[in-house]
Amino acid sequence: MLASLAPQRRTNEPVDLFIIGGGVNGTGIARDAAGRGLSVTLAEKGDLAQATSSASSKMFHGGLRYLEYYEFRLVREALREREVLLEAMPHIAWPMRFVLPYHAGLRAKPILRLGLFLYDHLGGRDILPATRTLNLRHAPAGQPLKPGYTTGYEYSDCWVQDSRLVALNAVDAAERGATILTRTKVIGVRRGEALWEIDVEDVETGAQTLHRAHRLVNATGPWVADVLTNTLGMETKEHVRIVRGSHIVVPRLYDHDHPYILQGADGRVVFVIPYEHDFTLIGTTDHDHDASPDEVHCTDEEVAYLCDFVSEYFARPVTPDDVVWSYSGVRPLYDDGASSAQAATREYVLSLDANGPPLLNIFGGKITTYRKLAEAALEKLGLGQPWTARVPLPGGDFPWDGAPALVRALQDSYPFLTPRWAERLVHSYGTKARALLGTARQPEDLGAAFGATLTEAELRWLRDHEFARTGDDALWRRTRLGLVLTEAERAAVDDWFKGKRTPKA
Ligand SMILES: Cc1cc2nc3c(=O)[nH]c(=O)nc-3n(C[C@H](O)[C@H](O)[C@H](O)COP(=O)(O)OP(=O)(O)OC[C@H]3O[C@@H](n4cnc5c(N)ncnc54)[C@H](O)[C@@H]3O)c2cc1C
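Our subject in this report is the structure included herewith. In this text, all values refer to a predicted model and were calculated from it rather than measured experimentally.

Cut-offs used in this document
Residues numbered from 1 in each chain as written. Predicted model: local features only at pLDDT ≥ 70, side-chain atom pairs only at ≥ 80, totals over all residues. Heavy atoms only, no water. Axes fitted to C-alpha atoms, helices over the stretch in contact; angles between N-to-C directions. Helix = DSSP H or I, 4+ residues; strand = E, 2+ residues; numbered from the N terminus. Parallel < 35°, antiparallel > 145°, perpendicular 65-115°, else oblique. Left-handed = near helix turned anticlockwise from the far one by under 90°. Contact = heavy atoms within 4.5 Å. Nonpolar A, V, L, I, M, F, W, Y, C, P; charged D, E, K, R; others polar. Buried < 20%, exposed > 50% of the residue type's maximum accessible area, 1.4 Å probe, protein only. Near = heavy atom within 4 Å. Polar contact = N/O pair within 3.5 Å; in protein donor to acceptor, adjacent residues only side chain to side chain. Areas by Shrake-Rupley, 256 points an atom, 1.4 Å probe, with all protein chains shown as cover. Expected span 1.5 Å × (residues − 1). Core = buried A, V, L, I, M, F, W, Y, C linked by side-chain atoms within 4.5 Å. Pairing = 2+ DSSP bridges.

### A word on the packing of helix α1 (residues 24-35) against helix α7 (residues 370-380)
For the pair α1 and α7, interaxial distance at closest approach is 8 Å and the crossing angle is 60 degrees. Between α1 and α7, the interaxial angle falls into the category oblique. As for the relative orientation of α1 and α7, their crossing is right-handed in sense. Here α1 contributes Val24, Asn25, Gly28, Ile29, Asp32 and Ala33 to the contact with α7, which in turn contributes Tyr370, Leu373, Ala374, Glu375, Ala377 and Leu378. Of the residues in the contact of α1 with α7, the class split is eight nonpolar, two polar and two charged.

Spelled out as structure tokens, the structure:
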């Protein structure tokens with residue numbers, strides 16, 4: 001069945017579950033709940049994944065570093081979850097082999113080996129290969145590094161396109177009957193005897209609507225405490241610790257496909273990951289963030305920190321002048337009173353208030369554990385049975401290692417697609433790429449061309465099936481083509497969404 005955004009439920013009958021927040025946690029819960037046969041409405045004040053869930057390091061990972069903080073439960077759950085998620089979304093997630101260079105003077109080799117042994121065995125693996133030791137004098141991964149790095153360890157984790165993960169959860173939730181409202185801010189909430197009354201505002205028109213629900217979920221990530229206090233008017237002893245993490249993007253630093261995990265003298269680690277073919281993604285920082293979650297950007301100091309960190313390892317230094325793009329997000333961590341931002345727990349906490357119609361507040365979480373978090377949330381609310389493990393997201397109904405075959409098959413059916421174009425479509429839309437391309441026999445059949453293989457047919461797909469409403473939604477969250485389009489091309493995409501003229505096919 002094709003995802004369709006219309007007709008969505010239009011009545012204001014009370015729903016079983018009303019969810020505030022369209023990040024990975026809100027949409028994950030919406031999908032799970034809708035699949036359990038519940039009536040669900042989700043309100044997101046901006047675009048889906050507009051906040052933390054599009055600003056992550058984009059890894060399904062156990063979190064090697066968290067072993068040092070004895071977060072064994074979380075690491076085990078996340079490690080196990082990697083393969084469950086890979087099988088459900090082989091279009092937007094795939095395995096990667098990370099390289100950890102040994103740095104004399106930092107963690108000793110036996111410590112690294114012990115950590116990696118635990119990492120290999122704590123969660124169990126069927127698909128992902130085990131750790132191996134590398135001689136960096138000869139391995140391709142040693143080539144771009146300074147000559148002093150002679151030993152490395154190669155271990156498994158996975159990549160995921162974070163904001164597409166959110167969009168596809170929302171699409172699947174909608175296909176299962178949920179109402180997904182974007183650009184819809186929850187501005188007031190009242191708790192009645194048996195029902196919640198929720199006032200929402202369409203942020204584009206200012207129109208206000210009243211919704212009613214039997215249960216309310218506050219999945220607003222970094223805003224969770226603010227919404228609880230200021231929108232729901234409730235007091236809470238629980239707090240989030242808002243920790244900013246920034247990434248920089250530079251032109252591709254090296255020719256092979258391995259990402260690196262680099263250790264710093266400050267005890268932190270930084271990832272260096274091949275990104276969107278022509279780029280390398282470097283991150284992240286870890287700073288307590290005192291400003292509003294609405295105001296997050298990468299500072300010059302953070303850019304300098306990341307450049308220096310990487311230049312300690314790479315033969316060719318990385319400088320702030322190399323940076324073509326940067327982004328920042330804030331981790332909504334449960335405040336466990338830890339001394340530093342990096343030591344604060346990465347565990348999620350679900351806090352249920354059942355003094356009247358139930359309210360569930362979500363504190364913390366990781367992209368990797370979103371599905372387990374959704375299951376735990378619905379269990380806490382006593383609603384239905386788990387069903388999402390390994391069940392494909394839209395377009396993900398093919399084997400975890402089947403993407404290359406799908407790319408070849410797509411090119412056979414649509415010979416005008418270049419290999420890179422076909423690969424991009426498969427890694428975005430999976431088996432749905434065919435529905436997007438329809439009966440096209442030549443590029444012109446896909447309508448106007450906006451640059452970098454983006455066509456009007458794809459924009460139409462994003463608008464009609466994936467909740468995209470603006471150029472930024474399409475270029476920075478449903479795709480990452482914003483990185484390669486010119487300013488004029490980006491403006492043309494935005495104009496298309498505003499219904500203005502489009503370039504010629
Ligand atoms: C730098 C960084 C790197 C990370 N890397 C990884 C990683 O590699 N792997 C991993 O597993 N995890 C990673 N994480 C963690 C992960 O990104 C987050 O835990 C996750 O995205 C949080 O999702 P969320 O849905 O809770 O919050 P969000 O994505 O922030 O969603 C909350 C939503 O609520 C909406 N909202 C707020 N108030 C209202 C309102 N009144 N009405 C309607 N909507 C509202 C917001 O607009 C927002 O979209 C990283 C985090 C950061 C910051």
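### Brief notes about the environment of His211
Note that His211 resides in strand β10 (residues 208-218). Classification of His211 as buried rests on a relative accessible area of 12%. Along the chain, His211 and Glu458 lie 247 residues apart, while their C-alpha atoms are 33 Å from each other.

### Focus on the side chain of Ser56
As for its position among the elements, Ser56 is in the loop between β2 (40-43) and β3 (59-60). Owing to a relative accessible area of 16%, Ser56 belongs among the buried residues under this scheme. Every residue in contact with Ser56, bar those within four places of it in the chain, is listed here: Asp162, His247, Tyr327 and Ile367.

### Some thoughts on the site of the ligand
Surrounding the ligand, one finds 38 residues, the nearest of these being Glu44, Ser53, Met59, Gly365 and Thr368. At a separation of 3.1 Å, a nitrogen atom of the ligand approaches a polar backbone atom of Lys45. A distance of 3.0 Å separates a nitrogen atom of the ligand from a polar backbone atom of Val186. For the ligand, whose free accessible area comes to 1,000 Å², the fraction covered by protein is 97%. Put simply, the parts of the chain that give the shell around the ligand at least two residues each are α1, β8 (184-191), β11 (240-251) and β16 (325-334).

### So, helix α4 (residues 162-175)
The terminal C-alpha atoms of α4 lie 20 Å apart, and with 14 residues this matches the ideal 20 Å at 1.5 Å per residue to within 8%. Within α4, 13 of the 14 residues are buried, which leaves it mostly tucked inside the rest of the structure. Looking one or two residues past α4, Gly177 carries a phi angle of roughly 110 degrees, positive in sign.

### Here we look at the nonpolar core
Ranked by size, the top nonpolar core spans 63 residues in total, and within it Leu410 and Leu417 carry the most contacts. Every residue in contact with Leu410, bar those within four places of it in the chain, is listed here: Leu417, Ala422, Leu425, Val426, Ala433, Arg434 and Leu437. One finds Leu17, Ala49, Val166 and Leu360 within the second-largest nonpolar core, a separate group that totals 48 residues.

### Focus: the pairing of strand β14 (residues 279-283)
Along β14, five of the five residues are buried, which leaves the element largely enclosed by surrounding structure. Residue alternation in β14 divides its side chains into two sets, Phe279, Leu281 and Gly283 and Thr280 and Ile282, and both sets are buried. Pairing geometry for β11 and β14, over five bridges, is antiparallel. Within β14, the position partnered with Val250 by the bridge is Thr280. Pairing of strand β13 (residues 269-275) with β14, which is carried by five bridges, proceeds in the antiparallel orientation. Its bridge partner being in β14, Tyr275 is matched across the sheet by Phe279. Counted along the chain from β13 to the antiparallel partner β14, the turn is three residues long, and its residue Glu276 has a positive phi close to 45 degrees.

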